[in-house]
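Summary of structural features
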Amino acid sequence: MKILGELYAGKAKTVLRTDDPDALVLRFRDDATAFDGVKHARLPGKGTVNNKVNAFVMERLERGGIPTHFIRLLSDHESLVRRLDMIPVECVVRNLAAGSLCKRLGVEEGRELDPPVFEFFLKNDELHDPMINESHIRTFRWATEEEVARMKALTLQANAILKPLFQEAGLLLVDYKLEFGRFHGQVLLGDEFTPDGCRLWDAESRRKLDKDLFRHDLGDLMQAYHEVAHRLGVPL
Ligand code: ADP
Ligand code: UDP
């Protein structure tokens, strides 16, 4: 497999073409961003931790019956994935109240959400990823009804695999965002699952171990990400 040119560079990853038209390389960079890219920093080692934690979680999801784009690790900071036609919708599941849900609904942070809340957001930085519903997705043809149902089912199915996985590592999976794409008529989980796109709290103290540390200057992000990897048993 040969790596060809850059397809696009996102805020934290660069996507590269390969000589296989069905495969891409995700290069996890050391960039940390928040507030749609307004806040930015370079944190040496972040790309490697995220690449390895993502590989670990994607493999667990795949084993649990979630079809993913992940093929294999290529290097410390690169993974080989299937090339997807990305659906521009973010699927969020919340087990505990945090972030935008608290602001929007005036709910206290940390309140248990039973059943978990499911939300769709439009992936659009200029519009600040607005919350959308199934009606918007249908009318604007961002995805078919079948794809919407599949994304929702897979995102909730992932919760049943991930909540106990993190619980065993002494971590509460507060909320997370998943992105999906099309691959030869199938809907596959794409993008990444890392502490950049979820909230993880220590189960005892509720200390934050995710990107909120960077968003709100609450502590050392790299130390927290290393701790997450260590607790999951991911070798770095
Ligand atoms: P952002 O787009 O939020 O700045 P990243 O820096 O993570 O995010 O960029 C990665 C980009 O690659 C995202 O736009 C994501 O939707 C896209 N992507 C992730 N996985 C795949 C895939 N398997 N095929 C095609 N594109 C992908
Ligand atoms: N999230 C993400 N990318 C986004 C928006 C949200 O990864 O563009 C994740 C975020 O890290 C959290 C969950 O989705 O785990 C819910 O985020 P929320 O709606 O609370 O937004 P935020 O407070 O992060 O703006």
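Please read all numbers here as calculations on a predicted model, not as lab measurements. (Residues numbered from 1 in each chain as written. Chains lettered and ligands numbered in written order. Predicted model: local features only at pLDDT ≥ 70, side-chain atom pairs only at ≥ 80, totals over all residues. Heavy atoms only, no water.)

Quick notes on the pairing of strand 1 (residues 3–9)
A regular strand places its side chains so that they alternate between the two faces of the sheet. Summarising the sheet, strand 1 and strand 2 (residues 13–18) pair through 4 bridges and their orientation is antiparallel. Opposite Glu6, over in strand 2, you have Leu16 as the bridge partner. Where strand 1 hands over to strand 2, the hairpin turn is made up of 3 residues, counted between the paired strands. (Pairing = 2+ DSSP bridges. Helix = DSSP H or I, 4+ residues; strand = E, 2+ residues; numbered from the N terminus.)

Quick look at the pairing of strand 7 (residues 78–82)
Of all 5 residues in strand 7, 4 are buried, a share of seventy percent or more. Bridge analysis of strand 6 (residues 70–75) against strand 7 gives 4 bridges, and the strand direction is antiparallel. Directly across from Leu73, in strand 7, lies its bridge partner Ser79. Taken together, strand 6 and the strand that follows it, strand 7, pair antiparallel across an intervening segment of 2 residues. (Buried < 20%, exposed > 50% of the residue type's maximum accessible area, 1.4 Å probe, protein only.)

Side note on the site of ligand 1
Tyr8, Lys11, Ala12, Lys13 and His69 are the nearest of the 16 residues found near ligand 1. Contact between ligand 1 and His69: a nitrogen atom at 2.8 Å from a side-chain N or O atom of the residue. Lys123 places a side-chain nitrogen or oxygen 3.0 Å from an oxygen atom of ligand 1. Calculation on ligand 1 without its partners gives an accessible area of 550 Å², and the protein chains cover 88% of this total. At the level of secondary structure, the elements contributing two or more residues to the shell around ligand 1 comprise strand 2 and strand 7. (Near = heavy atom within 4 Å. Polar contact = N/O pair within 3.5 Å; in protein donor to acceptor, adjacent residues only side chain to side chain. Areas by Shrake-Rupley, 256 points an atom, 1.4 Å probe, with all protein chains shown as cover.)

A short note on the site of ligand 2
Not every one of the 15 residues close to ligand 2 is listed here, only the nearest: Arg94, Ser100, Asp129, Asp175 and Arg199. Between ligand 2 and Arg94 there is a distance of 2.7 Å, counted from an oxygen atom to a side-chain nitrogen or oxygen. Here an oxygen atom of ligand 2 and a side-chain polar atom of Arg199 are 2.8 Å apart. For ligand 2, whose unbound accessible area comes to 500 Å², protein coverage reaches 78%. Elements with a contribution of two residues or more to the shell around ligand 2: strand 8 (85–96), helix 2 (99–105), strand 11 (171–183) and strand 13 (198–202). Per-element accounting of the shell around ligand 2 gives the leading share, 3 residues, to strand 8.

A word on helix 6 (residues 221–232)
Under the 1.5 Å per step criterion, the end-to-end length of helix 6 is 17 Å for 12 residues, consistent within 8% with the ideal 16 Å. Residues of helix 6 that are buried include every one of Leu221, Met222, Ala224, Tyr225, Val228, Ala229 and Leu232, and no others. Considered in projection along helix 6, the buried side chains sweep an arc of 165° and stay on one side of the axis. What points out from helix 6, more than 90 degrees from its buried face, is the exposed set Gln223 and His230. In this structure, the buried side of helix 6 is in contact with helix 1 (46–63), helix 4 (145–168), strand 11, strand 13 and helix 5 (212–215). The N-terminus of helix 6 is capped by Asp220, whose side-chain oxygen sits 3.1 Å from the backbone nitrogen of Met222. Backbone geometry just downstream of helix 6 places Gly233 in the positive-phi region, at approximately 80°. (Expected span 1.5 Å × (residues − 1). Arc of directions from axis to C-beta. Contact = heavy atoms within 4.5 Å.)

Quick notes on the pattern of salt bridges
With the rule as written, the count across this model stands at 26 salt bridges. Residue Lys11 is joined to Asp125 by a salt bridge in which the shortest nitrogen-to-oxygen separation is 3.0 Å. Of the two residues, Lys11 is situated in the loop between strand 1 and strand 2 and Asp125 in the loop between strand 9 (112–122) and strand 10 (131–132); the sequence distance between them amounts to 114 residues. Residues Glu119 and Arg104 are paired through a salt bridge, measuring 3.0 Å at the closest nitrogen-oxygen approach. On the criterion of sequence distance, the pair formed by Glu119 in strand 9 and Arg104 in helix 2 is long-range, its members being 15 residues apart. We classify Arg104 as partly exposed; its relative accessible area is 34%. Residues joined in a network through salt bridges with shared partners are Arg94, Arg104, Glu119, Asp175, Arg199, Asp212 and Arg215. (Salt bridge = Lys/Arg side-chain N within 4 Å of Asp/Glu carboxyl O.)

A short note on the nonpolar core
One finds Phe120, Met151, Leu162, Phe193 and Leu232 to be the most contacted residues of the largest nonpolar core, which totals 53 residues. Among the elements that take part in this core, helix 4 stands out by supplying 8 residues, more than any other. Sequence-distant contacts of Phe120, that is, excluding residues within four places in its chain, are made with Val89, Glu90, Cys91, Pro130, Met131, Ile132, Glu134, Ile137, Val148 and Met151. (Core = buried A, V, L, I, M, F, W, Y, C linked by side-chain atoms within 4.5 Å.)

By themselves, these are just geometric observations and shouldn't be taken as functional.
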